[in-house]
Amino acid sequence: MQPFRVGLCQVPAHPLERAEENWAAIVEALDEAGRQGAQLVGLPECSYPAYYVRDERPYDRPGVRPFAEVTATLAAKCRQWGYWLAAGLAVPHADGSLTNSGLVFDLTGEIRGRYDKSFLWHFDARWFRRGQAFPVWDAGFARFGILICADARQPEVARALAANGAEVILDLTAWVSWGRTMAELSTTQCEYLVPVRAFENGVWIAAADKFGPEGTSLVYAGRSSVYDPAGVTRFCAPADSGAVVTFDIEPMAVERPRRRPGLYGRLVEPTAGLPVMQALAEPVVPAQLSRRVAAAPSRPAWDADSLLALYLDQREQDADLIVAGGVPAPAGWEAVLPRLEAAVRERGGGLLFGAREDGTRPRDLAVLITPGGTVVHTASHGRGIETGESLPPVVETPAGRVGILCGEEGFVPEVARILMLEGAEVLAWTAFAEEPMTERIARARSDENRVYTAVAGPETAIITAPNGAPLTIAPYGSGLAMAAQVNPAMARWKDMAPGTNALLDRIPGAYGDLVRE
């Protein structure tokens, strides 16, 4: 990748009946992006004719310009200003279908391809056809791909783009939002989901959003943003005004755990046969499933007595699962296991902790002790360690079905995703190093999989709900254990919006790029 300037057109939202106002704002923004020297420009999701199009034939409505005229003008702007353009449009097709697409024009105005939104949100599915491919374009200065709005809620989409060579991802979006005032409008996507997509894939993401209301209920967050490969927000536009954001993107190397496609076979298996489907079919009484999970930062050094004391203290406070941060462990650390196992058999609940074995071939281990036995898992992903040859298991515990995450496995979206597909209701993550993105990663893992996440690291501990909301956070550096109520029944509710399901709306047949070595 070479340094280049991206342009994000934050245009006002108008309903379909005011398509001409949409068009005027688009043309003005495209000219401004050209004046500012943008080389790659993004227009938000369904900038034209509108997002809420109501049926499959919006171009037949009075006041809506013909699609051929729209594309001809966009092509002319690319030639005039010499930039590539990814335009969020409702695209009609000869068979009468409609797609919510990013149409890509090169600097000569030639249409080089199209990305169709694959994770359709709410009423999208009433009139848009689902996409099933994740193309990447080479603009010379960078290879880029596109995702559209809710696609960021499915980790497979950005992951497939990165696997196909994308160095930059354009998020063409219409972030439906909330806020006490129009200036405070926000969304979970810009708060943590999109930054995590940038972090876990080591790519730049530039998001172009609309602002303001479309009709009487849809209101968009604005906040067109640029996120670097470390997940840091480099720029964020206001929520309540128009803007043409230009930002100079430069190569930035980050190191991430190596992907291991050979371990990801579950991702492409038909949904109907997955273990999670059996779990979702089980009848439950939510009032009988209330559980308590505690998470505690790790001690500065290995201390078996402190670990036992932590477990006993939290069991005294009714915790059904205690998650402790990982620490370097001395040779022979396993000698403490019989003491811990005896305590768990006597007092119940479960204890998860991390032990890093140093030496010529260091390993990160997660140890889960329950009354039914002990599981020792070697981390399958991580930098500078010897990795295990299998993904972590899902274990029946007094707190529900627990999926183990060890060390940097939490950074790898495939691992948590497969644990959900295996039926996990709680992700228990023991971390060995402090990472500024940990809270946002935990929230993303919960949100995208609709499960609880409990993570404990050296300085803090966090428990998040299936919708990504924090349930409790240990004050940084306090060493305090924090606990929260969880209910596994909530982890069986995978709906995100009417007609939008985190599990059932995955497209396993389209994820082949994720399992190719």
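Only a predicted model underlies this, so the values are computations on that prediction, with no experimental measurement involved. (Residues numbered from 1 in each chain as written. Predicted model: local features only at pLDDT ≥ 70, side-chain atom pairs only at ≥ 80, totals over all residues. Heavy atoms only, no water.)

Asks: Help me understand the pairing of strand β5 (residues 111-116) in this model?
Replies: The side chains of a regular strand alternate between the sheet's two faces. The pairing of strand β4 (residues 98-105) with β5 spans 5 bridges and is classified as antiparallel. Among the inter-strand pairings, Leu103 is bridged to a residue of β5, identified as Arg114. Between the end of β4 and the start of β5, which pair antiparallel, lie 5 residues, with Gly109 showing a positive phi angle near 90 degrees. (Pairing = 2+ DSSP bridges. Helix = DSSP H or I, 4+ residues; strand = E, 2+ residues; numbered from the N terminus.)

Asks: Help me out: how do you make sense of the nonpolar core in this one?
Replies: The nonpolar side chains of soluble globular proteins are, as a tendency, buried together. Core analysis: the largest hydrophobic core is formed by 79 residues, its most contacted members being Phe144, Ile146 and Leu170. For Ile146, the contacting residues outside a window of four places in its chain are Ala86, Gly102, Val104, Tyr115, Trp137, Leu161, Leu170 and Leu172. If you look at the next biggest cluster of nonpolar residues, it comprises 49 residues, including Phe105, Phe119, Leu120 and Ala174. (Core = buried A, V, L, I, M, F, W, Y, C linked by side-chain atoms within 4.5 Å. Buried < 20%, exposed > 50% of the residue type's maximum accessible area, 1.4 Å probe, protein only. Contact = heavy atoms within 4.5 Å.)

Asks: Would you take a moment to explain the packing of helix α4 (residues 155-163) against helix α5 (residues 188-201) for this structure?
Replies: For any two helices packed against each other, one specifies the crossing angle of their axes together with the interaxial distance. Between α4 and α5, the shortest axis-to-axis distance is 10 Å and the interhelical angle comes to 35 degrees. Relative to α5, α4 is oriented so that their crossing is right-handed. From α4, Pro155, Ala158, Arg159 and Ala162 reach across to α5, where they touch Arg197, Glu200 and Asn201. Looking at the contact of α4 with α5 residue by residue, the class counts come to 3 nonpolar, 1 polar and 3 charged. (Axes fitted to C-alpha atoms, helices over the stretch in contact; angles between N-to-C directions. Left-handed = near helix turned anticlockwise from the far one by under 90°. Nonpolar A, V, L, I, M, F, W, Y, C, P; charged D, E, K, R; others polar.)

Asks: Just checking my understanding: could you explain the sheet that holds strand β17 (residues 351-357) for this structure?
Replies: To summarise the sheet geometry, strands pair through backbone hydrogen bonds and adopt either a parallel or an antiparallel arrangement. Reading across from one edge, β19-β18-β17-β16-β15-β26 is the order of the 6 strands in this open sheet, with mixed pairing throughout. Pairing within the sheet leaves two strands with one partner each, and these edge strands are β19 (373-378) and β26 (482-486). Here the average twist between neighbouring strands, direction ignored, is 20 degrees. Packed onto the sheet, helix α7 (residues 304-316) meets β15 (291-296), β16 (321-329), β17 and β26 and runs at close to 170 degrees relative to β16. Packing against the sheet, helix α8 (residues 337-347) makes contact with β17, β18 (363-370) and β19, and its axis sits at approximately 30 degrees to β18.

Asks: Is there a simple way to explain the side chain of Asp228 in this structure?
Replies: Among the structural elements, Asp228 can be located in the loop between β12 (225-227) and β13 (233-236). Among the polar contacts made by the side chain of Asp228, one reaches the main-chain amide nitrogen of Ala230 at a distance of 2.8 Å. Among the polar contacts listed, one links the side chain of Asp228 to the side chain of Arg234, at a separation of 2.9 Å. Those residues in contact with Asp228, other than ones at most four positions away along the chain, are Ala198, Val203, Trp204, Arg234 and Met252. (Polar contact = N/O pair within 3.5 Å; in protein donor to acceptor, adjacent residues only side chain to side chain.)

Asks: Explanation requested: the side chain of Thr187 in the structure shown.
Replies: Assignment of secondary structure puts Thr187 in the loop between β8 (168-173) and α5. Thr187 gets classed as buried once you look at its relative accessible area, which sits at 1%. If we ignore the near neighbours within four places in the chain, the residues touching Thr187 are Trp175, Val176, Trp178 and Ala221.

Asks: Help me understand the pattern of salt bridges in this model?
Replies: Two side chains bearing opposite charge may form a pair once their charged atoms approach each other closely. A full pass over the atoms with the stated rule returns 43 salt bridges. Among the ionic pairs, Arg5 bridges to Asp248, the shortest N-O distance being 2.6 Å. Of this pair, Arg5 sits in strand β1 (residues 4-10) while Asp248 sits in strand β14 (residues 243-249), placing them 243 residues apart in sequence. Residue Arg5 is classed as partly exposed on the basis of its relative accessible area, which comes to 28%. The exposure class of Asp248 is partly exposed, given its relative accessible area of 39%. A salt bridge links Glu316 to Arg347; its shortest N-O distance comes to 3.3 Å. Here Glu316, found in helix α7, pairs with Arg347, found in helix α8; they are 31 residues apart in sequence, far enough to count as distant. We classify Arg347 as partly exposed; its relative accessible area is 31%. Look at the salt bridges and you will find they share partners, linking Glu282, Glu396, Arg401, Glu425 and Arg492 into a network. (Salt bridge = Lys/Arg side-chain N within 4 Å of Asp/Glu carboxyl O.)

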